[in-house]
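Overview (structure and organization)
The chain contents come next:
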Amino acid sequence: MTIAATVERYLKDRHVQYDTVTHPHTPNSIRTASAAAVPAHRLAKAVVLEDERGFVMAVVPADRHVKIGQLSKRIGRKMGLATEGKLKSLFSDCETGAVPPLGDAYGLTTIVDDELADSPEIFFEAGDHLALIRMQTRDFMGLMRNAAHGHFAAPLR
C-alpha cells in the first residue's frame, strides 16, 4: 500500500497536485519526519477525537500535541481521544496509526491548527507507514477551507 484509495480519489477529484515521499517504516509522526528528512513542523498529523456526538479530526504539526481541553472548550464539546478500534473502522483503507489529515475525505468534522499555514509545503501520511504526500501549503489549506481553524496545539515535551 502507498496511498489509501480514499485519499487518492479525494485528491484526484479536487485536481490537487502532489507527489509522494517514501521513507523507512516508522511508528509515529516525529520519527516519520526524521526518516523522511522533513521538518516536523511541516508534517501535518491527524488526531481523532470523539464524544457522544461523534468524531472530530484535529490537524496539527507533528511537533505539536492537541490541547484537548482547549479544543473542547473552543468547539463546545467534551472530547477525548478516539480508540484504536474505532480508528480502524473509520480508516479501513489505512494502516493503524497512519491516518491522513483529510477529515473531509472520510466524512469527519475537521479543525486545523493555523500554525500549518506558515510553511511553503505540507507533508502528511498517505495511509501507510512508508509514504508521505507532499503538496503546496496553499493547496492543502484549500482542502481545509470547510474546516474550522484556530490555535489549539502546544509543543511536544
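Below or above, wherever it landed, is the structure these notes cover. (Residues numbered from 1 in each chain as written. Predicted model: local features only at pLDDT ≥ 70, side-chain atom pairs only at ≥ 80, totals over all residues. Heavy atoms only, no water.)

Another aspect to go through is the overall build of the protein. Counting its secondary structure elements, the protein contains five helices and ten strands. Against the globule reference of 15 Å for 157 residues, the protein gives a C-alpha radius of gyration of 14 Å, in line with a compact fold. Principal-axis analysis of the C-alpha atoms gives the protein an extent of 35 × 30 × 30 Å. A burial count over the protein gives 50% of its 157 residues as buried. For the protein, the share of sequence-separated contacts (at least 6 apart) that also reach a separation of at least 24 residues comes to 68%. Looking at the protein as shown, the accessible area adds up to about 7800 Å², and 49% of this sits on carbon and sulfur atoms. (Helix = DSSP H or I, 4+ residues; strand = E, 2+ residues; numbered from the N terminus. Rg over C-alpha atoms; globule rule 2.2 N^0.38 Å. Buried < 20%, exposed > 50% of the residue type's maximum accessible area, 1.4 Å probe, protein only. Contact = heavy atoms within 4.5 Å. Areas by Shrake-Rupley, 256 points an atom, 1.4 Å probe, with all protein chains shown as cover.)

Going through the model one piece at a time under the given rule, you end up with two aromatic pairs. Ring geometry for F91 versus Y106: centroids 4.7 Å apart, planes at 55 degrees, classification tilted. With F91 in the loop between α4 (84-90) and β6 (109-113) and Y106 in the loop between α4 and β6, this pair connects stretches of sequence that are 15 residues apart. Ring geometry for F124 versus F140: centroids 5.6 Å apart, planes at 45 degrees, classification tilted. With F124 in strand β7 (residues 121-125) and F140 in helix α5 (residues 137-143), this residue pair connects regions lying 16 residues apart in the sequence. Residue F140 is classed as buried on the basis of its relative accessible area of 0%. (Phe/Tyr/Trp six-rings, centres within 6.5 Å; stacked < 30°, edge-to-face > 60°.)

A regular strand places its side chains on the two faces of the sheet in alternate fashion. The buried count for β7 comes to four of five residues, which makes it a mostly enclosed element. Note: strand β2 (residues 43-51) against β7, two bridges, orientation parallel. Opposite L43, over in β7, you have F123 as the bridge partner. One ladder, built from five bridges, connects β7 with strand β8 (residues 131-136); its direction is antiparallel. By the bridge assignment for β8, E125 is matched with L132. (Pairing = 2+ DSSP bridges.)

The biggest cluster of nonpolar side chains holds 32 residues, and the ones touching the most others in it are L11, L102 and F140. Only α1 (5-13), β2, β3 (54-61), β7, β8 and α5 provide two or more residues apiece to this core. Once residues within four sequence positions are removed from consideration, F140 is found in contact with A44, V59, P101, L102, L116, I122, F124 and M135. With eleven residues, the next largest nonpolar core counts L49, A58, L71 and F152 among its residues. (Core = buried A, V, L, I, M, F, W, Y, C linked by side-chain atoms within 4.5 Å.)

Before going further, it helps to examine the layout of surface pockets. Empty space among the atoms becomes visible once a probe the size of a water molecule is rolled across them. The space that makes up the largest pocket amounts to roughly 480 Å³. Along its surface, the largest pocket is lined by 20 residues, and K45, A46, V47, V48 and G97 are the ones closest to its centre. Contributions of two or more residues to the lining of the largest pocket are made by α2 (29-35), β2 and β4 (64-66). For the lining of the largest pocket, the element with the highest residue contribution is β2, accounting for four residues. (1 Å grid on protein atoms, 1.4 Å probe; cavity = no way out; pocket = protein on both sides within 12 Å on 5 of 7 lines; lining within 4 Å. Points joined across faces, edges and corners; volume = space filled by probe spheres on them.)

Once that is clear, we can look at the side chain of D128. Locating D128 in the fold gives a position in the loop between β7 and β8. Within the local environment of D128, its side chain forms a polar contact with the backbone nitrogen of A131, the two atoms lying 3.0 Å apart. (Polar contact = N/O pair within 3.5 Å; in protein donor to acceptor, adjacent residues only side chain to side chain.)

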